[in-house]
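What follows is the residue order along each chain.
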Amino acid sequence: MFKYLFLLIISNVFFCIKTNAKEPLKMYTGYYIKSLNIDSKNQTAHLVFYFWLRTKVTNKNIDYNELKDIEFINAEINEMTIHEERFENNDYYLTGEVNGEFKFNADYKYYPFDSQIIKLSIEHVNFEEDELIFLPDDLSYSKSKSDKNLRGISKDLILSDLQ
């Protein structure tokens, strides 16, 4: 049995490309965690998860194919695979899978009843801060039949023994 409670927090960092638009492009993001292995000594979490991005196609000056150039800034990514990139009903969609080691700052103040926060911080490689905003995809999460507090986490989540 696990002695710790770990909390995954989706942290979307704001970054962007010149769009000549007055408002930044809104990129809605979501995650579906498949497996989680915590190394509390080294303050890392090995995560395997699916991700998706979606946005409205509103600006003809943007090369939407460049939107797939993202990175997770608090992680060493072992593998990132793009599964699908498509345009549908005036929306752009990108889906993929990530396998990586994410760093977190552990706080053991209330050990053994502590909880930890693991952030998934995403940014775009080429975009400027005022041109693209990553936001949680609440619309897609709301369509999920899972418990509101467990959205984005597989019911078959693989949790390895804590180290």
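Above this text sits the structure in question.
Further remarks concern the overall build of the protein chain. On a plain count of helices and strands, the protein chain comes out with 1 helix and 9 strands. Across the protein chain, helices and strands are ordered from the amino to the carboxyl terminus as β-β-β-β-β-β-β-β-α-β. Excluding contacts between residues fewer than 6 apart, the proportion of contacts in the protein chain whose partners are at least 24 apart in sequence is 73%. Carbon and sulfur atoms form 50% of the exposed surface of the protein chain, whose accessible area is close to 10100 Å².

Here we take up the nonpolar core. Ranked by size, the top nonpolar core spans 29 residues in total, and within it Phe49 and Phe102 carry the most contacts. If you tally residues by element for this core, the top one is strand 2 (residues 25-39), at 6 residues. Contacts of phenylalanine 49, omitting those with residues within four sequence positions, involve Tyr31, Tyr32, Ile33, Lys34, Phe72, Gly96, Glu97, Val98, Phe102 and Leu120.

Across 12 bridges, strand 5 (residues 75-88) lies against strand 6 (residues 91-103) in antiparallel orientation. When the bridges of strand 6 are listed, phenylalanine 87 appears paired with tyrosine 92. Hairpin geometry of strand 5 and strand 6 is characterised by an intervening segment of 2 residues between the two adjacent antiparallel strands and by a positive phi of about 50° at asparagine 89.

Right, let's talk about the packing of aromatic side chains for a bit. Applying the stated criterion to the full structure yields 9 aromatic pairs. Where phenylalanine 49 meets phenylalanine 72, the ring centres are 5.6 Å apart and the plane angle is 85°; that geometry is what we call edge-to-face. With phenylalanine 49 in strand 3 (residues 44-56) and phenylalanine 72 in strand 4 (residues 70-72), this residue pair connects regions lying 23 residues apart in the sequence. Looking at phenylalanine 72, the relative accessible area reads 4%, which means it is buried. Each member of the aromatic cluster is reached from another via a ring pair, and the members are Tyr31, Phe49, Phe51, Phe72 and Phe102. In this arrangement the basic side chain of arginine 86 is found over the ring face of tyrosine 93, its NZ or CZ atom lying 4.4 Å from the centre.

The next point concerns a nonpolar patch on the surface. A contiguous nonpolar surface patch, about 200 Å² in accessible area, is contributed by Ile77, Met80 and Ile82. Within the secondary structure, isoleucine 77 sits in strand 5. Isoleucine 77 gets classed as partly exposed once you look at its relative accessible area, which sits at 32%.

Another point: the side chain of serine 35. Within the secondary structure, serine 35 sits in strand 2. The residues touching serine 35, leaving out its near neighbours within four places in the chain, are His46, Leu47, Val48, Leu157 and Ile158.

Tallying each qualifying case throughout the model produces 7 salt bridges. Among the ionic pairs, lysine 68 bridges to glutamate 85, the shortest N-O distance being 3.3 Å. Taken as a pair, lysine 68 in the loop between strand 3 and strand 4 and glutamate 85 in strand 5 lie far apart in primary sequence, 17 residues in all. On the accessibility criterion, lysine 68 (32% relative accessible area) is partly exposed.

Below, the discussion takes up unusual backbone geometry. A cis amide bond, omega 5°, links tyrosine 111 with the succeeding residue proline 112. Inspection of the secondary structure puts proline 112 in the loop between strand 6 and strand 7 (115-124). Phi is positive for glutamine 43, which is not a glycine, with a value near 55°. Counting through the fold element by element, glutamine 43 comes out in the loop between strand 2 and strand 3. Glutamine 43 sits in the partly exposed class, given a relative accessible area of 28%. Positive phi, normally seen in glycine, also occurs at asparagine 90, with a value near 65°. Topologically, asparagine 90 is positioned in the loop between strand 5 and strand 6.

Conventions used here
- Residues numbered from 1 in each chain as written.
- Predicted model: local features only at pLDDT ≥ 70, side-chain atom pairs only at ≥ 80, totals over all residues.
- Heavy atoms only, no water.
- Helix = DSSP H or I, 4+ residues; strand = E, 2+ residues; numbered from the N terminus.
- Contact = heavy atoms within 4.5 Å.
- Areas by Shrake-Rupley, 256 points an atom, 1.4 Å probe, with all protein chains shown as cover.
- Core = buried A, V, L, I, M, F, W, Y, C linked by side-chain atoms within 4.5 Å.
- Buried < 20%, exposed > 50% of the residue type's maximum accessible area, 1.4 Å probe, protein only.
- Pairing = 2+ DSSP bridges.
- Phe/Tyr/Trp six-rings, centres within 6.5 Å; stacked < 30°, edge-to-face > 60°.
- Lys NZ or Arg CZ within 6 Å of the ring centre and 35° of its normal.
- Patch = residues over 30% accessible without salt bridge, like charges linked within 9 Å, V, L, I, M, F, W, Y side chains within 5 Å.
- Salt bridge = Lys/Arg side-chain N within 4 Å of Asp/Glu carboxyl O.

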